[in-house]
Amino acid sequence: NAAREAFVETGRALGRDSEPCETKRGTKEATRATRQEVEKMTDTGDATAPFFGFIGAAAALVFSSMGAAYGTAKSGVGIAAMGVMRPELVMKSIVPVVMAGGLCIYGFFISLL
């Protein structure tokens, strides 16, 4: 008990008015003190993690959509030129448009994950 009293007096000298949690088990005060101590000691500094996570998801969606739009535009120019020069190969030149659309869908899935 002498050690316990010294511990309590040390806590009061440091500005802590409550006794250690071990002496208050089973009471509401013990639960409150434990939560307060846990909140103080478990600050991991991850307050910005959700921000960067959402920025990453937005970047994946935006850049994949921009890439798909660019690829579709370049492929559209190629399809137009192919229709003039060699009309029999127009269906083969649709493949890059489909691949560009697939890139956009892939970016959407990445942003969800």
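Refer to the structure above for everything that follows.
Here we summarise the structure given alongside this text.

About the cut-offs
In this convention, every chain numbers its residues from 1, walking through the sequence in written order. Totals for whole chains, interfaces and linings use all residues, but because this is a predicted model, local features are given only for residues with pLDDT of at least 70 and pairs of side-chain atoms are given and counted only at 80 or more. Neither water nor hydrogens contribute to the side-chain values; these are computed over all heavy atoms in the structure. Helix and strand labels come from DSSP, where a helix needs a run of H or I of at least four residues and a strand needs a run of E of at least two; each type is numbered from the N terminus. Relative accessibility decides the category of a residue: with a 1.4 Å probe and only protein chains considered, values under 20% of the type maximum give buried, values over 50% give exposed, and everything between is partly exposed. Any pair of residues with heavy atoms lying within 4.5 Å of one another is described as a contacting pair. What a helix should span is 1.5 Å times the count of its residues minus one. Arc, as used here, means the arc of the directions from the helix axis to the C-beta atoms.

**Examining the overall build of the chain**
Phase 1: Along the backbone of the chain there are four helices and zero strands.
Phase 2: Counting from the amino terminus, the chain carries its helices and strands in the arrangement α-α-α-α.
Phase 3: The buried share among the 113 residues of the chain stands at 12%.
Phase 4: Counting contacts in the chain only where the partners sit at least 6 residues apart, residues at least 24 apart contribute 46% of the total.

**As for helix H4 (residues 95-112)**
Phase 1: Taking 1.5 Å as the rise per residue, H4 with 18 residues should run 26 Å; its terminal C-alpha atoms sit 26 Å apart, in good agreement.
Phase 2: Considered for burial, the residues of H4 that qualify are Ala-100, Gly-107 and Ser-111. For H4, the angular spread of buried residues about the axis comes to 35°, placing them on one side. Counted as exposed and oriented over 90 degrees from the buried face of H4: Val-98, Met-99, Tyr-106 and Leu-112.
Phase 3: Structurally, H4 contributes buried residues whose contacts are with helix H3 (49-85).

**Some remarks on the environment of Met-82**
Phase 1: With respect to the helices and strands, Met-82 occurs in helix H3.
Phase 2: On the basis of relative accessibility, which here comes to 25%, the residue Met-82 falls in the partly exposed class.
Phase 3: Taking C-alpha positions, Met-82 is 7.6 Å from Ser-93, a pair spaced eleven residues apart along the chain.
Phase 4: Discounting residues that sit within four places of it in the chain, Met-82 has contacts with Pro-87, Leu-89, Val-90 and Ser-93.

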